[in-house]
Amino acid sequence: MVIVLAALVACGSGTRTAGNAAEVTYLTSFGVADLTGTMITVAKEKLPVTAVAAIHQRTVAAIIGLEGGGITTPADLVGRKIGDPPGSTIRLMFPLYAKAAGIDPGTVEFVPSAPPGLPQLLLSGQVDGIGQFVVGKPLIEAAAKGRKAVVLPYGELLPDLYGNMLVTSPELARDDPGLVRRFSGALLKGLRYSLDHPDEAGRILTKYQPTQNPEVAAAELRLMPEYSEPAGFPGPLGAVDESRVTTIIDLLGEAQAIPAGSLRAADLVSFELVPKP
(Lines give C-alpha, C1' and ligand atoms only; values in the text may rest on other atoms or scores of the structure.)
Protein backbone atom coordinates (compact mmCIF):
# COMPACT_ATOMS: atom_id res chain seq x y z
CA MET A 1 0.00 0.00 0.00
CA VAL A 2 2.90 2.37 0.56
CA ILE A 3 3.62 2.27 -3.20
CA VAL A 4 -0.01 3.19 -3.92
CA LEU A 5 0.19 6.11 -1.51
CA ALA A 6 3.54 7.23 -2.91
CA ALA A 7 2.25 7.09 -6.49
CA LEU A 8 -0.83 9.12 -5.58
CA VAL A 9 1.34 11.64 -3.72
CA ALA A 10 3.79 11.97 -6.61
CA CYS A 11 1.24 12.36 -9.38
CA GLY A 12 -1.90 13.59 -7.71
CA SER A 13 -5.23 13.16 -9.45
CA GLY A 14 -5.75 16.63 -10.86
CA THR A 15 -5.32 20.02 -9.31
CA ARG A 16 -4.37 20.19 -5.65
CA THR A 17 -5.28 23.08 -3.42
CA ALA A 18 -3.83 24.66 -0.32
CA GLY A 19 -6.94 23.38 1.43
CA ASN A 20 -5.27 19.96 1.61
CA ALA A 21 -3.04 21.31 4.35
CA ALA A 22 -6.06 22.12 6.52
CA GLU A 23 -6.99 18.44 6.54
CA VAL A 24 -3.87 17.65 8.55
CA THR A 25 -5.23 19.29 11.66
CA TYR A 26 -8.81 18.15 11.42
CA LEU A 27 -8.90 14.82 9.64
CA THR A 28 -5.54 13.04 9.60
CA SER A 29 -2.07 13.00 11.09
CA PHE A 30 -0.34 13.61 7.76
CA GLY A 31 -1.17 15.28 4.47
CA VAL A 32 0.35 16.57 1.27
CA ALA A 33 0.32 20.23 0.28
CA ASP A 34 2.11 22.52 -2.13
CA LEU A 35 4.64 24.51 -0.12
CA THR A 36 4.11 27.88 -1.81
CA GLY A 37 0.33 27.65 -1.62
CA THR A 38 0.63 26.63 2.02
CA MET A 39 2.91 29.60 2.71
CA ILE A 40 0.28 31.98 1.37
CA THR A 41 -2.45 30.32 3.44
CA VAL A 42 -0.35 30.18 6.62
CA ALA A 43 0.57 33.86 6.27
CA LYS A 44 -3.06 34.87 5.92
CA GLU A 45 -4.84 32.32 8.13
CA LYS A 46 -2.13 31.04 10.51
CA LEU A 47 -2.80 27.45 9.42
CA PRO A 48 -1.18 25.07 11.94
CA VAL A 49 0.95 22.81 9.72
CA THR A 50 4.63 22.01 9.33
CA ALA A 51 6.46 20.32 6.44
CA VAL A 52 8.73 17.34 7.13
CA ALA A 53 9.80 16.17 3.63
CA ALA A 54 9.75 17.41 0.05
CA ILE A 55 7.97 15.22 -2.48
CA HIS A 56 8.97 17.58 -5.30
CA GLN A 57 12.15 19.63 -5.39
CA ARG A 58 10.59 21.77 -8.14
CA THR A 59 7.04 23.05 -8.30
CA VAL A 60 4.71 20.94 -10.45
CA ALA A 61 2.17 23.77 -10.79
CA ALA A 62 1.30 24.59 -14.40
CA ILE A 63 -1.28 25.90 -16.81
CA ILE A 64 -2.16 23.48 -19.59
CA GLY A 65 -3.76 24.31 -22.93
CA LEU A 66 -4.15 22.48 -26.22
CA GLU A 67 -2.10 22.79 -29.38
CA GLY A 68 -3.78 25.26 -31.72
CA GLY A 69 -5.61 26.91 -28.86
CA GLY A 70 -3.56 30.09 -28.96
CA ILE A 71 -1.46 29.57 -25.83
CA THR A 72 2.19 28.73 -26.39
CA THR A 73 3.99 31.19 -24.08
CA PRO A 74 3.11 32.98 -20.81
CA ALA A 75 2.45 36.21 -22.76
CA ASP A 76 -0.40 34.41 -24.58
CA LEU A 77 -2.32 34.15 -21.30
CA VAL A 78 -3.33 37.81 -21.48
CA GLY A 79 -7.06 38.07 -22.15
CA ARG A 80 -7.58 34.31 -21.74
CA LYS A 81 -9.86 32.24 -19.51
CA ILE A 82 -8.29 29.62 -17.24
CA GLY A 83 -10.40 26.98 -15.54
CA ASP A 84 -9.28 26.22 -11.99
CA PRO A 85 -10.86 25.34 -8.62
CA PRO A 86 -11.37 28.23 -6.19
CA GLY A 87 -8.43 28.57 -3.81
CA SER A 88 -6.19 26.21 -5.76
CA THR A 89 -2.41 26.34 -5.60
CA ILE A 90 -2.22 27.37 -9.27
CA ARG A 91 -4.52 30.33 -8.63
CA LEU A 92 -2.83 31.34 -5.37
CA MET A 93 0.59 31.33 -7.03
CA PHE A 94 -0.46 33.04 -10.26
CA PRO A 95 0.48 36.61 -9.21
CA LEU A 96 4.02 35.37 -8.55
CA TYR A 97 4.14 33.58 -11.92
CA ALA A 98 2.66 36.60 -13.73
CA LYS A 99 5.28 38.89 -12.18
CA ALA A 100 8.06 36.57 -13.37
CA ALA A 101 6.45 36.44 -16.84
CA GLY A 102 6.07 40.20 -17.06
CA ILE A 103 2.28 40.18 -17.44
CA ASP A 104 -0.50 41.79 -15.42
CA PRO A 105 -2.31 39.05 -13.46
CA GLY A 106 -5.51 41.08 -13.72
CA THR A 107 -5.62 40.49 -17.48
CA VAL A 108 -6.17 36.75 -17.01
CA GLU A 109 -9.62 35.51 -15.99
CA PHE A 110 -9.79 32.49 -13.71
CA VAL A 111 -13.06 30.58 -14.08
CA PRO A 112 -14.05 28.67 -10.91
CA SER A 113 -14.33 25.02 -11.92
CA ALA A 114 -14.51 21.64 -10.16
CA PRO A 115 -11.37 19.49 -10.71
CA PRO A 116 -13.15 16.52 -12.39
CA GLY A 117 -14.64 18.80 -15.05
CA LEU A 118 -11.45 20.65 -16.00
CA PRO A 119 -10.39 18.44 -18.94
CA GLN A 120 -13.83 18.64 -20.54
CA LEU A 121 -13.94 22.43 -20.13
CA LEU A 122 -10.65 22.64 -22.00
CA LEU A 123 -11.63 20.16 -24.71
CA SER A 124 -14.96 21.91 -25.31
CA GLY A 125 -13.27 25.29 -25.69
CA GLN A 126 -15.15 26.85 -22.78
CA VAL A 127 -11.78 27.87 -21.34
CA ASP A 128 -8.41 28.45 -23.01
CA GLY A 129 -6.38 26.64 -20.38
CA ILE A 130 -6.70 24.86 -17.04
CA GLY A 131 -4.71 24.78 -13.84
CA GLN A 132 -3.00 21.40 -13.48
CA PHE A 133 0.14 19.70 -12.28
CA VAL A 134 2.72 19.21 -15.04
CA VAL A 135 2.16 15.46 -14.77
CA GLY A 136 -1.43 16.02 -15.90
CA LYS A 137 -0.21 16.19 -19.50
CA PRO A 138 -0.71 12.45 -20.26
CA LEU A 139 -4.24 12.56 -18.83
CA ILE A 140 -5.19 15.61 -20.91
CA GLU A 141 -3.70 14.14 -24.10
CA ALA A 142 -5.49 10.84 -23.52
CA ALA A 143 -8.79 12.71 -23.21
CA ALA A 144 -7.98 14.92 -26.23
CA LYS A 145 -7.62 11.86 -28.51
CA GLY A 146 -4.72 12.99 -30.66
CA ARG A 147 -4.40 16.67 -29.80
CA LYS A 148 -1.18 17.63 -28.02
CA ALA A 149 -1.16 19.47 -24.72
CA VAL A 150 0.76 22.72 -24.26
CA VAL A 151 2.24 22.99 -20.77
CA LEU A 152 3.37 26.23 -19.12
CA PRO A 153 5.23 25.04 -16.00
CA TYR A 154 5.52 27.63 -13.25
CA GLY A 155 8.92 26.17 -12.39
CA GLU A 156 10.48 27.37 -15.66
CA LEU A 157 10.15 30.96 -14.48
CA LEU A 158 10.26 30.24 -10.75
CA PRO A 159 13.00 27.62 -10.30
CA ASP A 160 13.34 28.18 -6.55
CA LEU A 161 9.81 26.99 -5.77
CA TYR A 162 9.29 23.60 -4.18
CA GLY A 163 6.28 21.47 -5.09
CA ASN A 164 4.36 19.18 -2.76
CA MET A 165 5.50 18.57 0.78
CA LEU A 166 4.60 15.94 3.33
CA VAL A 167 3.05 17.94 6.16
CA THR A 168 1.82 17.24 9.66
CA SER A 169 0.69 19.18 12.69
CA PRO A 170 3.29 21.07 14.75
CA GLU A 171 2.04 19.19 17.82
CA LEU A 172 2.75 15.75 16.32
CA ALA A 173 6.15 16.88 15.05
CA ARG A 174 7.01 18.10 18.55
CA ASP A 175 5.47 15.29 20.61
CA ASP A 176 6.24 12.22 18.48
CA PRO A 177 9.15 12.92 16.11
CA GLY A 178 9.89 9.20 15.88
CA LEU A 179 6.47 8.50 14.37
CA VAL A 180 6.92 11.37 11.92
CA ARG A 181 10.32 10.07 10.80
CA ARG A 182 8.99 6.51 10.37
CA PHE A 183 6.00 7.64 8.31
CA SER A 184 8.12 9.97 6.21
CA GLY A 185 10.74 7.25 5.66
CA ALA A 186 8.11 4.73 4.55
CA LEU A 187 6.48 7.21 2.17
CA LEU A 188 9.81 8.18 0.61
CA LYS A 189 10.74 4.49 0.25
CA GLY A 190 7.52 3.97 -1.70
CA LEU A 191 8.21 7.09 -3.76
CA ARG A 192 11.68 5.79 -4.58
CA TYR A 193 10.22 2.48 -5.80
CA SER A 194 7.50 4.24 -7.81
CA LEU A 195 10.04 6.47 -9.58
CA ASP A 196 12.27 3.49 -10.37
CA HIS A 197 9.40 1.19 -11.47
CA PRO A 198 6.69 3.43 -13.00
CA ASP A 199 4.94 0.69 -15.01
CA GLU A 200 4.64 -1.63 -12.03
CA ALA A 201 3.57 1.22 -9.77
CA GLY A 202 0.89 2.19 -12.30
CA ARG A 203 -0.50 -1.36 -12.27
CA ILE A 204 -0.43 -1.52 -8.46
CA LEU A 205 -2.16 1.85 -8.22
CA THR A 206 -4.96 0.69 -10.52
CA LYS A 207 -5.46 -2.44 -8.43
CA TYR A 208 -6.37 -0.32 -5.41
CA GLN A 209 -7.75 2.69 -7.32
CA PRO A 210 -9.78 1.15 -10.20
CA THR A 211 -10.69 4.53 -11.66
CA GLN A 212 -7.02 5.18 -12.48
CA ASN A 213 -5.62 4.28 -15.90
CA PRO A 214 -2.37 2.28 -15.43
CA GLU A 215 -0.78 3.58 -18.64
CA VAL A 216 -1.58 7.20 -17.76
CA ALA A 217 -0.34 6.70 -14.18
CA ALA A 218 2.92 5.20 -15.46
CA ALA A 219 3.37 8.06 -17.92
CA GLU A 220 2.84 10.56 -15.12
CA LEU A 221 5.41 8.79 -12.94
CA ARG A 222 7.95 8.86 -15.76
CA LEU A 223 7.67 12.66 -15.69
CA MET A 224 8.32 12.80 -11.96
CA PRO A 225 12.12 12.29 -11.60
CA GLU A 226 12.93 15.74 -12.98
CA TYR A 227 10.76 17.20 -10.23
CA SER A 228 11.56 14.89 -7.31
CA GLU A 229 15.25 14.54 -8.20
CA PRO A 230 16.14 17.23 -10.75
CA ALA A 231 19.57 17.56 -12.32
CA GLY A 232 22.09 18.90 -9.82
CA PHE A 233 20.01 17.92 -6.78
CA PRO A 234 22.49 16.47 -4.23
CA GLY A 235 19.87 14.48 -2.32
CA PRO A 236 18.66 12.73 -0.37
CA LEU A 237 15.13 12.25 -1.66
CA GLY A 238 12.84 14.44 0.44
CA ALA A 239 15.47 16.96 1.56
CA VAL A 240 14.48 20.60 2.20
CA ASP A 241 16.97 23.48 2.02
CA GLU A 242 16.34 26.28 4.53
CA SER A 243 17.89 28.98 2.35
CA ARG A 244 15.55 28.10 -0.53
CA VAL A 245 12.52 28.31 1.75
CA THR A 246 13.69 31.76 2.84
CA THR A 247 14.11 32.77 -0.82
CA ILE A 248 10.52 31.71 -1.58
CA ILE A 249 9.24 33.75 1.36
CA ASP A 250 11.13 36.78 0.01
CA LEU A 251 9.70 36.25 -3.49
CA LEU A 252 6.16 36.08 -2.13
CA GLY A 253 6.73 39.25 -0.16
CA GLU A 254 8.07 41.07 -3.22
CA ALA A 255 5.02 39.96 -5.22
CA GLN A 256 2.77 41.13 -2.34
CA ALA A 257 1.32 37.64 -2.11
CA ILE A 258 2.02 37.67 1.65
CA PRO A 259 2.62 40.52 4.10
CA ALA A 260 6.30 41.37 4.44
CA GLY A 261 7.84 39.85 7.55
CA SER A 262 4.87 37.56 8.20
CA LEU A 263 6.78 34.27 7.88
CA ARG A 264 10.09 32.63 8.73
CA ALA A 265 11.37 29.37 7.28
CA ALA A 266 11.05 27.72 10.69
CA ASP A 267 7.35 28.62 10.75
CA LEU A 268 6.80 26.29 7.79
CA VAL A 269 9.29 23.43 7.99
CA SER A 270 10.50 21.21 10.86
CA PHE A 271 14.09 21.13 9.59
CA GLU A 272 15.19 18.76 12.35
CA LEU A 273 12.86 16.10 10.86
CA VAL A 274 13.58 16.44 7.13
CA PRO A 275 15.83 13.78 5.49
CA LYS A 276 19.55 14.47 5.85
CA PRO A 277 22.53 13.17 3.82
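For clarity, every value in this text was computed on a predicted model and none was experimentally measured.

Overview of the overall build of the protein
Helices and strands together make up the secondary structure of the protein, namely 13 helices and 8 strands. Whereas a compact globule of 277 residues would reach a radius of gyration of roughly 19 Å, the protein reaches 18 Å, a difference of no more than 12%. Along the longest, intermediate and shortest principal axes, the C-alpha atoms of the protein span 50 × 45 × 35 Å. Here the protein, with 277 residues, has 52% of them falling under the buried criterion.

Comments concerning the sheet that holds strand β4 (residues 81-84)
Spatially, 5 strands are ordered β5-β4-β6-β3-β7 in an open sheet, and the strand pairing comes out mixed. The sheet is open, and its two borders are formed by β5 (109-112) and β7 (149-153), each paired with just one other strand. Looking at each pair of strands side by side, their axes are set apart by 35° on average, direction ignored. Contacts from helix α4 (residues 89-101) reach β3 (61-66), β4, β5, β6 (129-133) and β7, with the element oriented near 90° to β3.

Side note on the packing of helix α6 (residues 137-144) against helix α11 (residues 214-223)
Taken N-terminus to C-terminus, the directions of α6 and α11 make an angle of 140°; their axes are 8 Å apart at the nearest point. Taken together, the axes of α6 and α11 lie oblique to each other. Residues Pro138, Leu139 and Ala142 of α6 lie in contact with α11, whose contacting residues are Val216, Ala219, Glu220 and Leu223. Residue composition of the contact of α6 with α11, by class: 6 nonpolar, no polar and 1 charged.

Here we look at α6
Buried within α6 are the following residues: Pro138, Ile140 and Ala144. All buried residues of α6 lie within an arc of 165° about the axis, which places them on one face of the element. Where α6 is buried, its residues contact β3, α5 (118-123), β6, β7 and α11. At the C-terminal side of α6, Lys145 shows a positive phi close to 50°.

Some points on the environment of Ile90
Looking at the element boundaries, Ile90 is found in helix α4. Between the C-alpha atom of Ile90 and that of Thr206, which follows or precedes it by 116 residues, the distance is 27 Å.

So, the side chain of Thr50
The topology assignment puts Thr50 in strand β2 (residues 50-54). Exposure remark for Thr50: the relative accessible area of 5% places this residue in the buried category. Within the structure, Thr50 has its side chain in polar contact with the side chain of Ser270 (distance 2.8 Å). Every residue in contact with Thr50, bar those within four places of it in the chain, is listed here: Leu166, Val167, Thr168, Ser169, Pro170, Ala173, Leu268, Val269 and Ser270.

Comments concerning the environment of Leu263
Here Leu263 is to be found in the segment after α13 (242-254). Judged by its relative accessible area of 9%, Leu263 falls in the buried class. Setting aside its immediate chain neighbours within four residues, Leu263 contacts Met39, Val42, Ala43, Ile249, Ile258 and Leu268.

Considering the confidence of the model for the protein
In the predicted model, the protein carries a mean pLDDT of 88, and 90% of its residues have values of at least 70. When mean pLDDT is taken per element in the protein, β2 scores highest with 97 and helix α2 (residues 19-26) scores lowest with 42. In this model residues 13-27 is a low-confidence stretch, pLDDT under 50, and it forms 38 contacts with partners more than four residues away in sequence or in other chains.

About the criteria used
Residues numbered from 1 in each chain as written. Predicted model: local features only at pLDDT ≥ 70, side-chain atom pairs only at ≥ 80, totals over all residues. Heavy atoms only, no water. Helix = DSSP H or I, 4+ residues; strand = E, 2+ residues; numbered from the N terminus. Rg over C-alpha atoms; globule rule 2.2 N^0.38 Å. Buried < 20%, exposed > 50% of the residue type's maximum accessible area, 1.4 Å probe, protein only. Pairing = 2+ DSSP bridges. Axes fitted to C-alpha atoms, helices over the stretch in contact; angles between N-to-C directions. Contact = heavy atoms within 4.5 Å. Parallel < 35°, antiparallel > 145°, perpendicular 65-115°, else oblique. Nonpolar A, V, L, I, M, F, W, Y, C, P; charged D, E, K, R; others polar. Arc of directions from axis to C-beta. Polar contact = N/O pair within 3.5 Å; in protein donor to acceptor, adjacent residues only side chain to side chain. pLDDT = per-residue confidence, 0-100.

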